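The lines below spell out each chain.
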Amino acid sequence: MSKFKIGIQLYTLREEMEKDVEATLKAVAEMGYDCVEFAGYFGKTAEEMKALLDRYGLEAISVHQGYDPFIGADAQAQVDYLKTLGVKFCAIPWMGVEKHAGNDVYPQTVEEITKVGKLLKDNGIQLLYHNHDFEFETFEGKYLLDWLYESVPAEYLQTELDCCWVKYAGEEPVKYIKKYADRADVLHLKDFVCKSLKGGPVYDLIDEDGKELGTETTTEDNGFEFRPVGQGLQDFPSIIKAAEEAGISYLIVEQDSWPTCPALEAAKQSREYLKTLGL
């Protein structure tokens, strides 16, 4: 039996979730996923969502949520929502480059993330950071991603490495899984094709409710397209081996768009591929 729990980031199925949350969660469970990661709650209370998860035997392992709501006056209410869902992790899904090392606000960024990380930790939830490719830009010879993990104590910020963006940035996912093996328990599995790596931003921006804010740039020139896991450039057997050696517990499938088939079918194909690896 696999040592991993296999989950899906529900941003992958956002259109289906918008139409029918219960039917989508039921389909996810039937595909063989063990857990889910939220990106928005589609108008459901925490109690309503937890009841649906329980009905279909799914665990809410984590959420994607910006850290700003945990600084405001209703911070504890935000935390209590997560506690009701039963999540173990809360991942910062996106943080603009202007907040990273090399900018005047960076000390404030570190202070705020540390504060939020402590608040969540005190409530039994671990704060994570989910990277894109731009965190592999350098400041004073060091990647922005590495600056962040060196600046915030590991107890308050751990990794949610996204294999797609690590690879697209020109680094190897296996290398970074090993680099942060002591602060990694959740890993994003994402596959893609493109003509060349390091081709610039090719993703959609979303708000805290999982709504798309628009595409950062076009993907046409570079031929970048997302694929179900196992159908693109990634060497997943090596990635899975490194994840096992690093002690990672949760593998989360994510696919931002679906050029080859509908989203539910793509999610199913990803899960079926992972089964061929014994997962």
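Up top is the structure these notes are about.
Residues numbered from 1 in each chain as written. Predicted model: local features only at pLDDT ≥ 70, side-chain atom pairs only at ≥ 80, totals over all residues. Heavy atoms only, no water.

Draft legend 1. Representation of the pairing of strand β8 (residues 158-162) within the structure. With five of its five residues buried, β8 lies for the most part within the structure. Burial along β8 is two-sided: the face carrying Gln158, Glu160 and Asp162 and the face carrying Thr159 and Leu161 are both buried. Bridge analysis of strand β5 (residues 126-130) against β8 gives three bridges, and the strand direction is parallel. The residue of β8 that forms the bridge with Tyr129 is Thr159. With four bridges joining them, β8 and strand β9 (residues 184-189) adopt parallel strand pairing. When the bridges of β9 are listed, Glu160 appears paired with Val186. (Buried < 20%, exposed > 50% of the residue type's maximum accessible area, 1.4 Å probe, protein only. Helix = DSSP H or I, 4+ residues; strand = E, 2+ residues; numbered from the N terminus. Pairing = 2+ DSSP bridges.)

Draft legend 2. Molecular detail of unusual backbone geometry. In this structure, Phe42 takes a positive phi of about 55° despite not being glycine. The residue Phe42 is located in the loop between β2 (35-38) and α3 (46-55) in this model. By relative accessible area, Phe42 is classed as partly exposed at 21%.

Draft legend 3. A look at helix α4 (residues 75-85). For α4, the set of buried residues is Ala75, Val79, Tyr81, Leu82 and Leu85. With its buried residues spanning 150° around the axis, α4 presents them on a single face. Buried residues along α4 sit in contact with β2, α3, β3 (59-64), β4 (89-92) and α5 (106-122). (Arc of directions from axis to C-beta. Contact = heavy atoms within 4.5 Å.)

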